[in-house]
Amino acid sequence: MIYFDSAATLPLRKEAGETYLSESTSCFGNANSPHSFGRESARSLERARKGILRLLGIEGTHRLLFLSGATEANNLALKGVARAYRSRGGRIISSEGEHESVLEPLKALAREGFDVVLLPLDPRTGTIRLEDLRDALDERTILVSLMAVNNETGAITPLPEVRSLLREHPKCYLHSDFTQGAFKGLPYPYGTADLISMSAHKFGGPKGAGFLALRKDVRPLPLMEGGGQEEGLRPGTSDVPSALATLKALELAKGEEKDALRIASLLRGRILSYLLAHPSDFLVNSPEEGSPFLLDFSLLHKKASVVEEALSLRGIYVSTTSACSSRRDLPSHVLLAMGRGKEEAKNAIRLSFSLLNQEEDAPRFLSALEEIMKETIDSL
Ligand code: PMP
């Protein structure tokens, strides 16, 4: 098997699974219980929280809330901050290329009367133009939300430059969805953003676990009411085993970052050269300077769903657009935002790499692709 879908999810790391199991079965006390067994769980939860903040290099500036994943983190960051700081002004700026878990909450906020501005993507860089952001920022802007790494193309948002533009707007917070950027060789620190969303399963932690890190002064409103856990921002019995497994997975991801970058760059480089050498068949959508972990391209004469299925029959697993939207067979909103045509946006293949891959995966993938391109009669 060749697994080129690491941006969709990764398997649970063995050590994270062991941590989860041993914490669930031996230290299973409720972190809110007053007795010493419960207090032990509460201490473990704080150890996980501090450990993650330390790994991300933001222990002095940010705090952290354990949530069910990046979808929840994005919802809490956007709705929680927008509703808490509404009196400062109602403008929120984001981009057309964000993940659905940002775009859908933004639609909900627009229905509540917020002035939501979505910036288009530059076709060359796959990210926003800083001039567009500068023009959209005004004294009513309370929040800017821009993903660190695009989950389809791998385009990297220049967050330090965004931060510089925000210097003139000190009351505006910067949220960034770092789901595809956890220890993926990003050229800037996590603390560049005031609010940071991440999902554990993208770095080998448990599915259904993730977090939102927030700068100490940011006070969002909760989306749920209940028992007051996680500063009252995420009530419900704390999932201490998941929190510790998330810490373990992140530690391992950090330790492997260089090796993962090496294999991803190698695979991406080999496959990209092939695609660029066949411009009548393929259109590369990923920017050259994008994340080495992602490579997205459109098929100019074939249906992506047919090619994806043919690859799958050969044990090669790829995505058409992102895993979340590919089942709906819709054109990719990211590619449309980059100005690609509807057919190009519909017939895109996304490859994503990790340490589950080996060097030989590139030639094996390319010979399968070449074969399928010759065989597949189902043209557009
Ligand atoms: N943001 C990005 C950029 C993603 O790639 C994903 C996962 N596809 C999410 C958010 C949502 O993560 P989850 O499904 O784990 O909540």
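See above for the structure.
Residues numbered from 1 in each chain as written. Predicted model: local features only at pLDDT ≥ 70, side-chain atom pairs only at ≥ 80, totals over all residues. Heavy atoms only, no water.

Engineer: Any details on helix α6 (residues 159-166)? Residues and values, ideally.
Structural biologist: All buried positions along α6 are accounted for by L159, V162, L165 and L166. Angular distribution of buried residues about the axis of α6 spans 115°; they occupy a single face of the element. Packed against the buried residues of α6 are α5 (130-136), β5 (141-145) and β6 (173-177). (Buried < 20%, exposed > 50% of the residue type's maximum accessible area, 1.4 Å probe, protein only. Helix = DSSP H or I, 4+ residues; strand = E, 2+ residues; numbered from the N terminus. Arc of directions from axis to C-beta. Contact = heavy atoms within 4.5 Å.)

Engineer: Explain helix α3 (residues 70-84) to me, using residue names and the numbers behind them.
Structural biologist: An α-helical segment advances 3.6 residues per turn. Residues three or four places apart therefore align on the same side. Its 15 residues give α3 an end-to-end C-alpha distance of 20 Å, which sits within 8% of 21 Å, the value for a rise of 1.5 Å per residue. Counting buried residues along α3, twelve of its 15 residues qualify, which places the element largely inside the surrounding structure. Here α3 has its buried residues at A70, E72, A73, N74, N75, L76, A77, L78, K79, G80, V81 and A82. (Expected span 1.5 Å × (residues − 1).)

Engineer: Can you break down the pairing of β5 residue by residue, with the values?
Structural biologist: In terms of burial, β5 is largely enclosed, as five of its five residues are buried. Summarising the sheet, strand β3 (residues 91-95) and β5 pair through three bridges and their orientation is parallel. Opposite R91, over in β5, you have T141 as the bridge partner. Two strands pair when backbone bridges link them, and β5 and β6 are joined in this way by three bridges, in the parallel orientation. The residue bridging V144 from the neighbouring strand is L174, located in β6. In the classification by handedness, the crossover that spans β5, the intervening α6 and the parallel β6 is right-handed. (Pairing = 2+ DSSP bridges. Right-handed = clockwise from strand over helix to strand, strands pointing away.)

Engineer: Can you explain the environment of A136? Please cite residues and give values.
Structural biologist: Inspection of the secondary structure puts A136 in helix α5. Residue classification places A136 among the buried positions, given a relative accessible area of 8%. For A136 and I93, which are 43 residues apart along the polypeptide, the C-alpha to C-alpha distance reads 7.4 Å. Beyond its immediate chain neighbours, meaning those up to four positions away, A136 contacts R91, I93, V117, L119 and T141.

Engineer: Lay out the site of the ligand in plain terms, naming residues and giving numbers.
Structural biologist: Near the ligand there are 15 residues, and of these T71, D177, S199, H201 and K202 occur at the shortest range. D177 is positioned with one of its side-chain polar atoms (N or O) 2.6 Å from a nitrogen atom of the ligand. Between the ligand and S199, the relevant distance is 2.5 Å, taken from an oxygen atom to a side-chain nitrogen or oxygen of the residue. Here the ligand loses 87% of its free accessible area of 390 Å² to cover by the protein chains. The greatest single-element share of the shell around the ligand, amounting to three residues, is contributed by α3. (Near = heavy atom within 4 Å. Polar contact = N/O pair within 3.5 Å; in protein donor to acceptor, adjacent residues only side chain to side chain. Areas by Shrake-Rupley, 256 points an atom, 1.4 Å probe, with all protein chains shown as cover.)

Engineer: Before we move on, can you summarise the nonpolar core with the specific residues and values?
Structural biologist: By size, the foremost hydrophobic cluster in this structure holds 59 residues, and its most contacted members are L56, L133, V144, F178, M198 and F203. For this core, the element with the highest residue contribution is helix α7 (residues 240-276), accounting for eight residues. Each of domain 1 (2-8 + 257-375) and domain 2 (14-255) contributes no fewer than three residues to this core. Those residues in contact with F178 that sit more than four places away from it in its chain are A148, L159, L186, Y188, Y190, A193, I196, S197 and M198. (Core = buried A, V, L, I, M, F, W, Y, C linked by side-chain atoms within 4.5 Å. Domains from an automatic or database assignment.)

Engineer: Please provide a residue-by-residue account of the sheet that holds strand β8 (residues 210-215), values included.
Structural biologist: Across the sheet, seven strands lie side by side as β2-β8-β7-β6-β5-β3-β4; this open sheet has mixed pairing. Each edge of the sheet is formed by a strand with only one pairing partner; in this case those strands are β2 (62-67) and β4 (115-119). Put simply, the sheet's adjacent strands are angled 20° from each other on average, direction ignored. Against the sheet, helix α4 (residues 100-111) contacts β3, β4 and β5, and its axis sits at roughly 155° relative to β3. (Axes fitted to C-alpha atoms, helices over the stretch in contact; angles between N-to-C directions.)

Engineer: Requested: an account of the pairing of β3, with residues and values cited.
Structural biologist: Residues in a regular strand project their side chains so that they alternate between the two faces of the sheet. With respect to burial, β3 is a largely interior element, five of its five residues being buried. Taking every second residue as pointing to the same face, both faces of β3 are buried, with R91, I93 and S95 on one and I92 and S94 on the other. Both β3 and β4 contribute to a ladder of five bridges, which runs parallel. Bridge pairing links S95 to L119 in β4. Remark: the β3/α4/β4 crossover connection has right-handed handedness.

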